[in-house]
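# Observations on the model geometry
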Amino acid sequence: MKKIVLLRLGHRPERDKRITTHVGLTARLLGAEGMLLASNDPGIVETLEDVVRRWGGDFYIKNNVNYKQEIKEWKAAGGKVCHLSMYGVNLPDVTDELKNCDRLMIVVGAEKVPPEIYQLADWNVAVGSQPHSEVAAVAITMDRIADDEPLEREFPNAELTIVPAERGKQVIENFRG
Ligand SMILES: C[S@@+](CC[C@H](N)C(=O)[O-])C[C@H]1O[C@@H](n2cnc3c(N)ncnc32)[C@H](O)[C@@H]1O
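Here the structure is a predicted model, which means the values were calculated and not measured.

Of all residues adjacent to the ligand, which total 16 residues, the nearest are L84, M86, G109, E134 and A137. Looking at the shell around the ligand, the elements with two or more residues in it are β4 (80-90) and α6 (134-145). No other element matches β4, which puts 3 residues into the shell around the ligand.

It is worth spelling out the sheet that holds strand β3 (residues 60-62) at this point. The strand order across the open sheet built from 6 strands is β3-β2-β1-β5-β4-β6, with neighbouring strands paired in parallel fashion. The outermost strands of the open sheet, each flanked by one partner alone, are β3 and β6 (123-126). The mean angle between the axes of side-by-side strands here comes to 30°, regardless of whether they run parallel or antiparallel. Bridge count between strand β2 (residues 34-37) and β3: 3 bridges; the pairing is parallel. The partner of M35 across the bridge, within β3, is I61.

Axis separation between helix α1 (residues 17-29) and α6 bottoms out at 9 Å; the angle between their running directions is 10°. The pairing of α1 with α6 is recorded here as roughly parallel in orientation. Residue-level contacts link I19, H22, V23, T26 and A27 of α1 to E134, V135, V138, A139 and M142 of α6. Counted by class, the contact of α1 with α6 contains 7 nonpolar, 2 polar and 1 charged residues.

Before going further, it helps to spend a moment on the packing of helix α4 (residues 91-99) against α6. At a minimum axis distance of 9 Å, the contact between α4 and α6 shows a crossing angle of 55°. Taken together, the axis directions place α4 and α6 in an arrangement best described as oblique. Considering the relative orientation of α4 and α6, their crossing is right-handed. Here L91, T95, L98 and K99 of α4 lie close against α6, whose contacting residues are T141, R144 and I145. Within the contact of α4 with α6, the residues separate by chemical class into 3 nonpolar, 2 polar and 2 charged.

What counts, and at which threshold
- Residues numbered from 1 in each chain as written.
- Predicted model: local features only at pLDDT ≥ 70, side-chain atom pairs only at ≥ 80, totals over all residues.
- Near = placed C-beta within 6 Å.
- Helix = DSSP H or I, 4+ residues; strand = E, 2+ residues; numbered from the N terminus.
- Pairing = 2+ DSSP bridges.
- Axes fitted to C-alpha atoms, helices over the stretch in contact; angles between N-to-C directions.
- Parallel < 35°, antiparallel > 145°, perpendicular 65-115°, else oblique.
- Contact = placed C-beta atoms within 7 Å.
- Nonpolar A, V, L, I, M, F, W, Y, C, P; charged D, E, K, R; others polar.
- Left-handed = near helix turned anticlockwise from the far one by under 90°.

Written out as structure tokens, the structure is:
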């Protein structure tokens with residue numbers, strides 16, 4: 001199974017809380033092992049850790065990372081880096097390469113990313129050459145490069161489990177202890 005970590009750059013605590021939370025939730029849903037936040041926002045960590053506690057799995061959030069150090073260490077351990085940017089090469093042209101990569105760091109920005117990211121990345125990848133959203137960019141990329149069906153993943157040790165239903169809401173409360 002591919003090991004994926006998401007690196008979120010440029011998060012502004014006063015503006016980006018909701019979208020960064022959604023980036024993290026989307027990455028978790030689609031199989032990332034964790035999110036590295038290159039800003040200091042303990043509230044995001046708290047929100048996402050609360051989701052993991054209730055909905056399971058072992059997704060982690062690392063607050064206030066030094067992105068250059070994280071990229072350096074990731075590469076030293078044999079990982080590759082895919083920076084999502086509307087200026088990059090189009091995703092359909094590199095999907096196979098990304099699929100073949102078993103340790104992938106996916107980098108998404110907020111407003112603007114430091115220009116050196118384009119040099120540090122192994123791939124600068126556009127999800128279509130039009131501006132849209134980091135949440136959509138992460139979702140489409142992770143769905144297309146997944147090894148298996150990403151929507152059938154299980155999240156162990158959940159307090160709550162949804163039973164898919166044609167109508168209404170069915171939720172199982174799993175009591176632990
Ligand atoms: C709101 S956009 C910022 C766009 C901004 N104009 C810029 O300088 O990149 C925030 C992030 O969403 C992602 N993003 C937006 N559109 C994208 C696209 N078409 N392809 C890939 N990533 C995209 C990128 O990671 C970008 O850093």
